[in-house]
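The chain contents come next:
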Amino acid sequence: KQEVTQIPAALSVPEGENLVLNCSFTDSAIYNLQWFRQDPGKGLTSLLLIQSSQREQTSGRLNASLDKSSGRSTLYIAASQPGDSATYLCAVNDDYKLSFGAGTTVTVRA
Amino acid sequence: NAGVTQTPKFRILKIGQSMTLQCTQDMNHNYMYWYRQDPGMGLKLIYYSVGAGITDKGEVPNGYNVSRSTTEDFPLRLELAAPSQTSVYFCASSYPPGSEGEKLFFGSGTQLSVL
């Protein structure tokens, strides 16, 4: 059974600092990994999807890396802004279904 | 483009009552999912469907039922509601894994309380 862990559970940084969010998973036989953003009281929005054959994906200030062999992914957010405050979840797809981590709640202080 | 639409947004049920959570998507996605999210926890898969007429259990299916008569709709039925079913429920849809555009799209959720 796939287990997905995100550490830390919460993170507070001053505006402008780079964010590093970690995700680990127990079974490396995955199809892909997705990073999502969730705002309070809202649904999840997909930020980046990394195929199992890829090492990283980039979108604007966001960069996600994947090391499948070690069961790790990292989401980098450059030059954080208060609007980046949200909960970030990673999810791995290993059997046509996604297994989610509990998320990292990020607060960016102005 | 509406995406994934869930109704209702909020609901309070008494123990033993039943209800149906509605989910519809307009992106012609084959795959549809129901998840529940408890405070401080990741999302848990309840049921999923890979196409009209095909459904399968996820990680936490007990106390729930689903049907998929059309590509667009995937309702979730709660029978004999229990306090343990108090949660936020999310519907999601996607193209099949490995296909172009396989990102998961989520509805805005239904907050359900069973008292």
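Residues numbered from 1 in each chain as written. Chains lettered and ligands numbered in written order. Predicted model: local features only at pLDDT ≥ 70, side-chain atom pairs only at ≥ 80, totals over all residues. Heavy atoms only, no water.

On to the environment of Thr45 of chain A, then. Residues and elements named next belong to chain A. Structurally, the position occupied by Thr45 is in strand E5 (residues 44-51). Residue Thr45 is classed as partly exposed on the basis of its relative accessible area of 48%. Between the C-alpha atoms of Thr45 and Tyr88, which are 43 residues apart in sequence, the distance is 9.5 Å. Not counting chain neighbours up to four residues away, the residues in contact with Thr45 comprise Trp35, Phe36 and Arg37. (Helix = DSSP H or I, 4+ residues; strand = E, 2+ residues; numbered from the N terminus. Buried < 20%, exposed > 50% of the residue type's maximum accessible area, 1.4 Å probe, protein only. Contact = heavy atoms within 4.5 Å.)

The next point concerns the sheet that holds strand E8 (residues 76-78) of chain B. Backbone hydrogen bonds hold the strands of a sheet together, and the pairing may be parallel or antiparallel. Residue and element names in this part refer to chain B. Strand order in the open sheet formed by four strands is E1-E3-E8-E7, and the pairing between neighbours is antiparallel. Two strands in the sheet have a free side with no partner beyond their single neighbour: strand E1 (4-7) and strand E7 (64-66). The sheet shows a mean angle of 20 degrees between the axes of neighbouring strands, taken without regard to direction. (Pairing = 2+ DSSP bridges. Axes fitted to C-alpha atoms, helices over the stretch in contact; angles between N-to-C directions.)

All names here are of chain B. Sheet topology note: the strand E5 (residues 43-51)/strand E6 (residues 54-57) ladder contains three bridges and is antiparallel. Opposite Tyr48, over in E6, you have Asp56 as the bridge partner. Between E5 and the antiparallel strand that follows it, E6, lie two residues; Gly53 among them carries a positive phi value of about 85 degrees.

Here we come to the packing of aromatic side chains. One pass over the structure, following the stated rule, counts ten aromatic pairs over all chains. Judged by centre distance (6.2 Å) and plane angle (75 degrees), the ring pair of Phe100 of chain A and Phe106 of chain B falls under edge-to-face. Placement of Phe100 of chain A in strand E10 (residues 98-100) and of Phe106 of chain B in strand E10 (residues 105-106) is noted, with the two residues assigned to different chains. This pair shows no difference in class: Phe100 of chain A is buried, exactly as Phe106 of chain B is. Aromatic side chains Tyr33 of chain B and Tyr48 of chain B sit 6.5 Å apart centroid to centroid with 25 degrees between the ring planes, which places their arrangement in the stacked category. Taken together, the residues Tyr33 of chain B in strand E4 (residues 31-37) and Tyr48 of chain B in strand E5 connect sequence positions 15 residues apart. Classification of Tyr33 of chain B as buried rests on a relative accessible area of 1%. Note on Tyr48 of chain B: relative accessible area 11%, which makes it buried. Each residue in the set Phe36 and Phe100 of chain A together with Tyr31, Tyr33, Tyr35, Tyr48, Phe90 and Phe106 of chain B is aromatic and connected to the rest through ring pairs, giving one cluster. In this structure, Arg68 of chain B packs its charged tip against the face of Phe74 of chain B, placed 6.0 Å from the ring centre. (Phe/Tyr/Trp six-rings, centres within 6.5 Å; stacked < 30°, edge-to-face > 60°. Lys NZ or Arg CZ within 6 Å of the ring centre and 35° of its normal.)

All names here are of chain A. Judged by which residues are buried, strand E1 (residues 4-7) turns out to be one-sided: Val4 and Gln6 face inward and are buried, whereas Thr5 and Ile7, on the alternate face, are not. Direction of pairing for E1 relative to strand E3 (residues 19-25): antiparallel, over a ladder of four bridges. The residue bridging Val4 from the neighbouring strand is Phe25, located in E3.

On to unusual backbone geometry, then. Here Ile7 of chain A and Pro8 of chain A are connected by a cis peptide whose omega angle stands at 5 degrees. Following the sequence through the fold, Pro8 of chain A ends up in the loop between E1 and strand E2 (10-14). Note the cis peptide between Thr7 of chain B and Pro8 of chain B, where omega equals -5 degrees. Within the secondary structure layout, Pro8 of chain B lies in the loop between E1 and strand E2 (10-13).

Attention now goes to the interface of chain B and chain A. How big an interface is tends to be stated in terms of the accessible area lost upon association of its parts. On the side of chain A, 21 residues touch chain B, which itself brings 19 residues to the contact. In total, about 1,600 Å² of surface goes out of reach between chain B and chain A, with carbon and sulfur atoms giving 59% of it. Our count for the contact surface shared by chain B and chain A stands at one salt bridge. In this structure, Glu59 of chain B and Lys1 of chain A form a salt bridge, with 3.4 Å as the shortest nitrogen-oxygen distance. Seen at the junction of chain B and chain A, the total is three residue pairs in polar contact (both at pLDDT 80 or more). Of all the secondary-structure elements, those providing two or more residues to the side of chain B that touches chain A are E4 and E5 of chain B. Considering every element that reaches the side of chain B that touches chain A, the biggest residue donor is E4 of chain B, with four residues. For the side of chain B that touches chain A, the residue count by class is eleven nonpolar, five polar and three charged. (Buried area = accessible area lost by both parts, 1.4 Å probe. Salt bridge = Lys/Arg side-chain N within 4 Å of Asp/Glu carboxyl O. Polar contact = N/O pair within 3.5 Å; in protein donor to acceptor, adjacent residues only side chain to side chain. Nonpolar A, V, L, I, M, F, W, Y, C, P; charged D, E, K, R; others polar.)

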